[in-house]
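Structural characterization, general
The lines below spell out each chain.
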Amino acid sequence: MQKIKPFLWFDHQAEEAVKFYSSLFENSRTLRIERYGAAGSEVAERPMGSVMSIEFQLAGQEFVALNGGPLFTFTPAISFFVNCSSRKEIDGLWERLVQRGEVMMELAQYPFGERYGFLTDRFGVSWQLMLSDQPVEKKIVPALLFANEQYGKAELAIQFCTSVFKDSRLIRIHRYGPDEGQPEGAVAHAVFELQGEPFIAMESNLEHDFKFILYTSFVVSCRTQEEVDYFWKALSQGGETSQCGWLTDSFGVSWQVVPTILDELIADSDPARSERVMQAMLKMTKLDGKATLAAILDDLA
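Here's what I pulled together on the structure shown here. (Residues numbered from 1 in each chain as written. Predicted model: local features only at pLDDT ≥ 70, side-chain atom pairs only at ≥ 80, totals over all residues. Heavy atoms only, no water.)

**Description of the side chain of glutamate 197**
Here glutamate 197 is to be found in strand S12 (residues 197-204). Classification of glutamate 197 by relative accessible area gives buried; the value is 12%. Aside from chain neighbours lying at most four places away, what touches glutamate 197 is Gln2, Ile4, Gln61, Lys138 and Phe192. (Helix = DSSP H or I, 4+ residues; strand = E, 2+ residues; numbered from the N terminus. Buried < 20%, exposed > 50% of the residue type's maximum accessible area, 1.4 Å probe, protein only. Contact = heavy atoms within 4.5 Å.)

Put into structure tokens, the structure is as follows:
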């Protein structure tokens, strides 16, 4: 089980986006689809029976996509770094992703790489493509850009996250040198792991019209309620908590702390049972799988 999964909140285009992304990468597939019942449909103002969420895999990296309505807009504060093994591959990916999208940095040669480009696709999701001659364990890696009020906090955020998740470490960090367009010593590019999952962090002191938002978050799957309690308390320290297991940490990054038992209950083949789970979840801030199960059993008694 992948412990931490990127979560993408779409307006209504989750199915279209997943189909498009899956066509780009090998080792891609749909893992599970959940549909809206009465309770979720009313809250999200989505049609009953329509697709609510899709768990899917791109090049071995697991994601979750939600049709949640037009509450937010994706930003480049969180993007997805793609390690490409050939010029043909990177050029092909760029050509397809950039269609009806927006170029942030042209696909070209830069001092830090032979071929690199930064773009936002037609759905608003941002991608960084890099031609790499080194073997990598994960082809697609989430990348966090610390800018504006979060500038200068990248290294602190890495230290915080690696202290919260076990089996975590800083792999490497490259700092800006003199005359590189950023204050010397700032984090140009850092790679770190959280429970075996790679992440990238960067920071920029330029003015940007974006920040970390709820639209792109990270799901933390917990096998026990003790795990839920631990991550909820640790990740929300200095941040803010919200409904249905959502929280924002002190650096502005959003997380969802979810007990796996609730995923299993929502996927129940009995629609009435699944609906009762959703109703219980919508009343919670920190999710409690044991309390939800007890409520369902009481209701059935």
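**Concerning the pairing of strand S6 (residues 102-110)**
Across 5 bridges, the pairing between S6 and strand S7 (residues 113-120) is antiparallel. When the bridges of S7 are listed, alanine 108 appears paired with tyrosine 116. What sits between the antiparallel neighbours S6 and S7 is a turn of 2 residues. (Pairing = 2+ DSSP bridges.)

**Some details on the pattern of salt bridges**
For the structure on display, the rule yields 12 salt bridges. Two residues, glutamate 227 and lysine 3, come together in a salt bridge whose shortest N-O distance is 2.4 Å. Of this pair, glutamate 227 sits in helix H5 (residues 225-236) while lysine 3 sits in the segment before strand S1 (4-10), placing them 224 residues apart in sequence. Taking the relative accessible area as the measure of exposure, glutamate 227 reaches 23% and is therefore partly exposed. Judged by relative accessible area, lysine 3 falls into the buried class, the value being 8%. Residue lysine 286 pairs with aspartate 229 through a salt bridge whose shortest N-O separation is 3.0 Å. One end of the pair, lysine 286, is in the loop between helix H7 (271-282) and helix H8 (289-300); the other, aspartate 229, is in helix H5, and 57 residues separate them in sequence. By relative accessible area, lysine 286 is classed as partly exposed at 34%. One connected set of salt bridges, linked through shared partners, spans Lys5, Arg32, Glu34, Glu55 and Glu62. (Salt bridge = Lys/Arg side-chain N within 4 Å of Asp/Glu carboxyl O.)

**Digging into the sheet that holds strand S5 (residues 78-84)**
On the basis of which strands lie adjacent, the open sheet formed by 8 strands has the order S6-S7-S8-S5-S9-S12-S11-S10 and mixed pairing. Either end of the sheet is taken by a strand with one partner, and the two such strands are S6 and strand S10 (169-175). Strand-to-strand twist across the sheet, computed as the mean angle between neighbouring axes with direction ignored, equals 20°. Examined bridge by bridge, strand S11 (residues 187-194) and S12 share 5 bridges and lie antiparallel to one another. Within the sheet, the bridge partner assigned to glutamate 193 lies in S12 and is proline 198. Sheet strands touched by helix H3 (residues 87-97): S5, S6, S7 and strand S8 (126-131). Its angle to S8, the strand with the most contacts, is close to 160°. (Axes fitted to C-alpha atoms, helices over the stretch in contact; angles between N-to-C directions.)

**A word on the sheet that holds strand S14 (residues 240-241)**
The 8 strands lie next to each other as S2-S3-S4-S1-S13-S16-S15-S14, forming an open sheet whose pairing is mixed. Since the sheet does not close on itself, it has two edges, and those belong to strand S2 (29-35) and S14, each with one partner. As paired strands, S1 and strand S4 (residues 61-67) are joined by 4 bridges and run parallel to one another. Note on S4: the bridge partner recorded for phenylalanine 7 is valine 64.

**Topic: helix H1 (residues 14-22)**
Along H1, the residues that are buried comprise Ala14, Ala17, Val18, Phe20 and Tyr21. For H1, the buried positions fall inside an angular range of 165° around the axis, keeping them on one side. If you follow the buried residues of H1, they end up packed against S1, S2, strand S3 (51-58), S4, H3 and S8. (Arc of directions from axis to C-beta.)

**What about helix H4 (residues 154-164)?**
Think of an α-helix as 3.6 residues a turn; residues three or four steps apart then line up on the same face. Regarding H4, the residues found buried are Ala154, Ala157, Ile158, Phe160, Cys161 and Val164. Buried residues of H4 fall within an arc of 165° about the axis and therefore sit on the same side. Against the buried residues of H4 lie strand S9 (140-147), S10, S11, S12, H5 and strand S16 (254-259).

**Brief notes about the packing of H4 against H5**
Remark: H4 packs on H5, axes separated minimally by 10 Å, with the N-to-C direction vectors making an angle of 165°. The orientation of H4 with respect to H5, classified from their angle, is roughly antiparallel. Crossing geometry of H4 relative to H5 is assigned as right-handed. For the pair formed by H4 and H5, the contact residues are Phe160, Ser163 and Val164 on the first element and Tyr230, Phe231, Ala234 and Leu235 on the second. Considering only residue class, the contact of H4 with H5 consists of 6 nonpolar, 1 polar and no charged. (Parallel < 35°, antiparallel > 145°, perpendicular 65-115°, else oblique. Left-handed = near helix turned anticlockwise from the far one by under 90°. Nonpolar A, V, L, I, M, F, W, Y, C, P; charged D, E, K, R; others polar.)

**Some remarks on the nonpolar core**
Membership of the largest hydrophobic core comes to 55 residues, with the highest contact counts inside it found for Phe10, Tyr21, Phe25, Trp127 and Ile140. Ala77, Ala190, Phe231 and Leu247 belong to the second largest nonpolar core, which has 43 residues in total. (Core = buried A, V, L, I, M, F, W, Y, C linked by side-chain atoms within 4.5 Å.)

**A word on the environment of valine 187**
Along the polypeptide, valine 187 turns up in strand S11. Judged by its relative accessible area of 1%, valine 187 is buried. Along the primary structure valine 187 and leucine 145 are separated by 42 residues, whereas in three dimensions their C-alpha atoms are 10.0 Å apart.

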